[in-house]
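Listed below, chain by chain, are the residues.
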Amino acid sequence: MADPMKDAAAVDMAWFDTFIDKLMTASPEVRPPRDPYAALINVNISLEEVATVTRRGVASFKEQKPLLRINRYRIDLPYPRPTVLLLRAHLPLHIVGDMHGQFRELRIILSRCGDPANHSYLFLGDYVDRGVQVPYPPLPYSYRTLLQGVETVLLVMALKIRYPDRVFMLRGNHEDCNTATAYGFYDECLAKFAPNGEAAWTHFVSVFNWMPLCAYVGEKILAMHGGISPHISSLEAIENLPRPSIIPPYGLMCDLVWADPDNKYPGWALSARGISYTFDDNLIKSFCDNFKIDLIVRAHQINNEVPYLTYRTLPNPPQMKGGYKFFADGRLVSIFSAPNYLNMKNDACVIRVNRDLLCRFVVFRPKMVNTVSITVSSFTVLYLRASRSQATNLHELHRPKRRSEKHRRIEINDL
């Protein structure tokens, strides 16, 4: 006799397979239209689809604690378990930083790093706002923004619902009603779902308020969007954070999505962002020693080697390399996964953590082909082992020679 619950679940997963396939196979625009809210990749998404994904997203996040524990192996069967246990590995794991509505680049990362059906992902937040900037011909050295935060967050969330033991999502500072209202996502919802933009916005805010805030990987790596906090007395304090909740202006939840590493001032200092704190290398090392953590992975910052205004005023700004930056002798690394962010020509980085907690840094380098299309090449730049037995040798990094680097060029039009 057929089980109605299993049949309903199968139909539900089939719907998500179709929805994911629609997002992943949509064709890029050859030449973006003049509409400032037009997308680089045209995907027709209905309000009903938004409601379906966000409601299932809320239900999925409710089953998780604010602190995700991502282990090398996990028992994949509920109680009562049979004699023979099915073990499924969470690792290897790809850690992805800020995407900021760069839907096209998200698809490139998924294509390069592997199908989420067979590869694990941890996203550190900031899926929405800002978007892609392209030159605006009527005015010299001016840009217009193409917003695809809706497509970006829906794709990641649909993958998380479809593969709950493979895809993990954390909350960033932009997954909040106050921040997203000011930086473009609210306006994007109003424009794409008019006259029901407010309803779409409400669906997204409801799921943002349930997102986890931190991940504990292999009991050696701590990952979050922002940084550490003076309010962390134990990891259980993160697990006990109340949800649903907006991001408060002060406290542990605020610091996990807003705090930054900075050695300009010693210890804890008020952040120049006007919210949360900055923390220096000594605090990072002390935190890692106290909690027996070998590596902190966070996002939230692009490595500005040249002032921001310089990039916006120069006709041919210099390219920023990296996509990652180390602090505290390698005990903390900051990654950024949105290439050519705000036309800064920056690289993007994704970290791959294997079962031995060996971290491989995969860099995505943008190459401007014309004002619209970009060809991205990716390659491994270094290895870093997050292991207490080698915690003192974190600077002994292996850099492959140029001829041994694995370059893979991905044409946008082929995705």
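The model shown is predicted, which means the values in this text are computed figures rather than measured ones. (Residues numbered from 1 in each chain as written. Predicted model: local features only at pLDDT ≥ 70, side-chain atom pairs only at ≥ 80, totals over all residues. Heavy atoms only, no water.)

Participant: Which residues make up the overall build of the protein, and what values do they have?
Facilitator: When its secondary structure is counted, the protein shows 11 helices and 20 strands. Counting the 415 residues in the protein, one finds 56% classified as buried. If you take every contact in the protein between residues at least 6 apart in sequence, the share linking residues at least 24 apart comes to 69%. Roughly 18400 Å² of accessible area belongs to the protein as shown, and the carbon and sulfur atoms make up 52% of that amount. (Helix = DSSP H or I, 4+ residues; strand = E, 2+ residues; numbered from the N terminus. Buried < 20%, exposed > 50% of the residue type's maximum accessible area, 1.4 Å probe, protein only. Contact = heavy atoms within 4.5 Å. Areas by Shrake-Rupley, 256 points an atom, 1.4 Å probe, with all protein chains shown as cover.)

Participant: I'd like to hear about the side chain of Asn 173, residue by residue, with values.
Facilitator: Mapped onto the secondary structure, Asn 173 falls in the loop between strand S8 (167-169) and helix H5 (177-182). Polar side-chain contacts of Asn 173 include one of 2.9 Å to the side chain of His 225. Setting aside residues no more than four positions away along its own chain, Asn 173 makes contact with Asp 126, Thr 179, His 225, Val 257, Trp 258 and His 300. (Polar contact = N/O pair within 3.5 Å; in protein donor to acceptor, adjacent residues only side chain to side chain.)

Participant: Tell me what's going on with the packing of aromatic side chains, and back it up with residues and numbers.
Facilitator: All told, the structure shown has 16 aromatic pairs when counted by the stated rule. Ring centres 6.1 Å apart and planes at 50° place the aromatic pair Phe 185 and Trp 201 in the tilted group. On the criterion of sequence distance, the pair formed by Phe 185 in helix H6 (residues 185-192) and Trp 201 in helix H7 (residues 197-208) is long-range, its members being 16 residues apart. Residue classification places Trp 201 among the buried positions, given a relative accessible area of 9%. Where Phe 185 meets Phe 204, the ring centres are 5.1 Å apart and the plane angle is 75°; that geometry is what we call edge-to-face. In this pair, Phe 185 sits in helix H6 while Phe 204 sits in helix H7, placing the two residues 19 residues apart along the sequence. (Phe/Tyr/Trp six-rings, centres within 6.5 Å; stacked < 30°, edge-to-face > 60°.)

Participant: Tell me about the pairing of strand S9 (residues 214-217), residues and numbers included.
Facilitator: Residues Cys 214 and Tyr 216 point to one face of S9 and Ala 215 and Val 217 to the other, with burial holding for every one of them. Of the strand pairs in this sheet, strand S1 (residues 67-70) and S9 are connected by four bridges, and their pairing is parallel. Bridged to Leu 68 within S9 is Ala 215. In terms of strand pairing, S9 meets strand S10 (residues 221-224) through four bridges, oriented antiparallel. Note on S10: the bridge partner recorded for Ala 215 is Ala 223. If you look at the hairpin formed by S9 and S10, you'll find three residues sitting between the two strands, and Gly 218 has a positive phi there, around 60°. (Pairing = 2+ DSSP bridges.)

Participant: Please provide a residue-by-residue account of the pattern of salt bridges, values included.
Facilitator: Between side chains of opposite charge, pairing is possible as soon as their charged atoms come close. By the definition in use, this model includes 14 salt bridges. For the salt bridge of Arg 273 with Asp 260, the shortest nitrogen-to-oxygen distance reads 2.5 Å. Taken as a pair, Arg 273 in the loop between strand S12 (269-270) and strand S13 (277-279) and Asp 260 in strand S11 (residues 260-261) lie far apart in primary sequence, 13 residues in all. For Arg 273, a relative accessible area of 38% gives the class partly exposed. A salt bridge links Arg 331 to Asp 289; the shortest N-O distance between them is 3.8 Å. Of this pair, Arg 331 sits in the loop between strand S15 (324-327) and strand S16 (332-335) while Asp 289 sits in helix H10 (residues 281-291); the two residues are 42 residues apart in sequence, bridging distant segments of the chain. With relative accessibility at 11%, the residue Arg 331 sits in the buried group. Under the relative-accessibility criterion, Asp 289 is labelled partly exposed at 44%. (Salt bridge = Lys/Arg side-chain N within 4 Å of Asp/Glu carboxyl O.)

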